[in-house]
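Read off the chains here:
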Amino acid sequence: MISRRKLLGTAAGATALAALPGVLLPPTAAARSRQQWRGDRSENGWSIRPSEIRDFHISGAGGLKARLHPLAAPVLLHIARRWHYEVLPLDEGGEKVLGHTADREVGAPFESNHLSGSAIALRPAAFPLSGTEPLWPHQDTIVRDILLDCAGTVVWGGDLTPTKISHFHLAVRPGDRKLARVAAALDPATREAAPDAPPQAGAGADPATPGRRARARGLQRAQQG
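Residues numbered from 1 in each chain as written. Predicted model: local features only at pLDDT ≥ 70, side-chain atom pairs only at ≥ 80, totals over all residues. Heavy atoms only, no water.

## Points about the pattern of salt bridges
Here's step 1: All told, the structure shown has 12 salt bridges when counted by the stated rule.
Here's step 2: When the shortest N-O distance is used, the salt bridge between R49 and E52 registers 3.4 Å.
Here's step 3: Residue E52 is classed as partly exposed on the basis of its relative accessible area of 27%.
Here's step 4: For the salt bridge of R82 with E86, the shortest nitrogen-to-oxygen distance reads 2.7 Å. (Salt bridge = Lys/Arg side-chain N within 4 Å of Asp/Glu carboxyl O. Buried < 20%, exposed > 50% of the residue type's maximum accessible area, 1.4 Å probe, protein only.)

In structure tokens form, the structure reads like this:
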């Protein structure tokens, strides 16, 4: 039996091969045509202002950092923390985390959200744009539960076309009241300052319970239209 670790290594290896001159991959694995993003805002409406980007530690992930917009960071870091502990470790494998980038070459419009620091990609080498490597069913359930924590403020690349399982971006703009509420609920720093606050979203909740799964499926249907 081929282990998932070996499968992920193979996927990462295929991505590395794609960068070598003269190496051609099958059409399903080949990189899509990439274009330059020329706007002053990313696809989700966030302004592209590199001076506002900051480095943030991902708790428990071996010192890994993500470069993000401060208003997007609490929600995107929550996604990264849960992915690391419940889906796949972020401190293993090749390219681990991609937050902000100044590279304006995108393979899909939603990748422009990295330019504004309002997107994060987790293990992007293993799960590239239009990749064919799926999550296992229990991992997919966890991701749906993470999205439920985010209460509709985040879009997952697994629901987009072309797909990119590693990708998450903010679906609301800066200043959105719902984003502020969700960010406050998910930010550990906020919770340390308010120890009597209700339990953090996702903390102690069982993603497999019927009620929580039903809510996650309802959010999925709403976001997929």
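Structure's up, so let's keep going.
## Section: the packing of helix α2 (residues 73–87) against helix α3 (residues 137–149)
Here's step 1: Relative to each other, α2 and α3 sit at 155 degrees, their axes nearing to 10 Å. Classified by the angle their axes make, α2 and α3 are roughly antiparallel. α2 and α3 meet at a crossing whose hand is right-handed. Note on element contacts: α3 touches α2 through Q139, I142, V143, D145, I146 and D149, opposite H78, I79, R82, W83, E86 and V87.
Here's step 2: Looking at side-chain class alone, the contact of α2 with α3 contains 6 nonpolar, 2 polar and 4 charged residues. (Axes fitted to C-alpha atoms, helices over the stretch in contact; angles between N-to-C directions. Helix = DSSP H or I, 4+ residues; strand = E, 2+ residues; numbered from the N terminus. Parallel < 35°, antiparallel > 145°, perpendicular 65-115°, else oblique. Left-handed = near helix turned anticlockwise from the far one by under 90°. Contact = heavy atoms within 4.5 Å. Nonpolar A, V, L, I, M, F, W, Y, C, P; charged D, E, K, R; others polar.)

## Considering the nonpolar core
Here's step 1: Ranked by size, the top nonpolar core spans 39 residues in total, and within it I58, V75, I79, W83, L122 and F168 carry the most contacts.
Here's step 2: Looking at this core, the elements that each hand over two or more residues are β3 (65–68), α2, β6 (119–122), α3, β7 (154–156), β8 (167–170) and α4 (177–186).
Here's step 3: Leave out the neighbours within four places in its chain, and V75 touches C150, T153, V154, L179, V182, A183 and L186.
Here's step 4: Counting residues in hydrophobic clusters, the runner-up holds 5 residues, among them A108, F110, V155 and L160. (Core = buried A, V, L, I, M, F, W, Y, C linked by side-chain atoms within 4.5 Å.)

## Some words on the packing of α3 against helix α6 (residues 210–224)
Here's step 1: In contact at an axis separation of 9 Å, α3 and α6 are set at 75 degrees when each is read in the N-to-C sense. The pairing of α3 with α6 is recorded here as roughly perpendicular in orientation. For the pair α3 and α6, contact is made by T141, R144, D145, L147, L148 and D149 and by R212, R213, R215, A216, L219, Q220, Q223 and Q224, respectively.
Here's step 2: Looking at the contact of α3 with α6 residue by residue, the classes come out as 4 nonpolar, 4 polar and 6 charged.

## Some words on the environment of K65
Here's step 1: Looking at the secondary structure, you find K65 in strand β3.
Here's step 2: The class of K65 is partly exposed, set by a relative accessible area of 46%.
Here's step 3: In contact with K65, other than residues within four places in its own chain, are D55, F56, H57 and V97.

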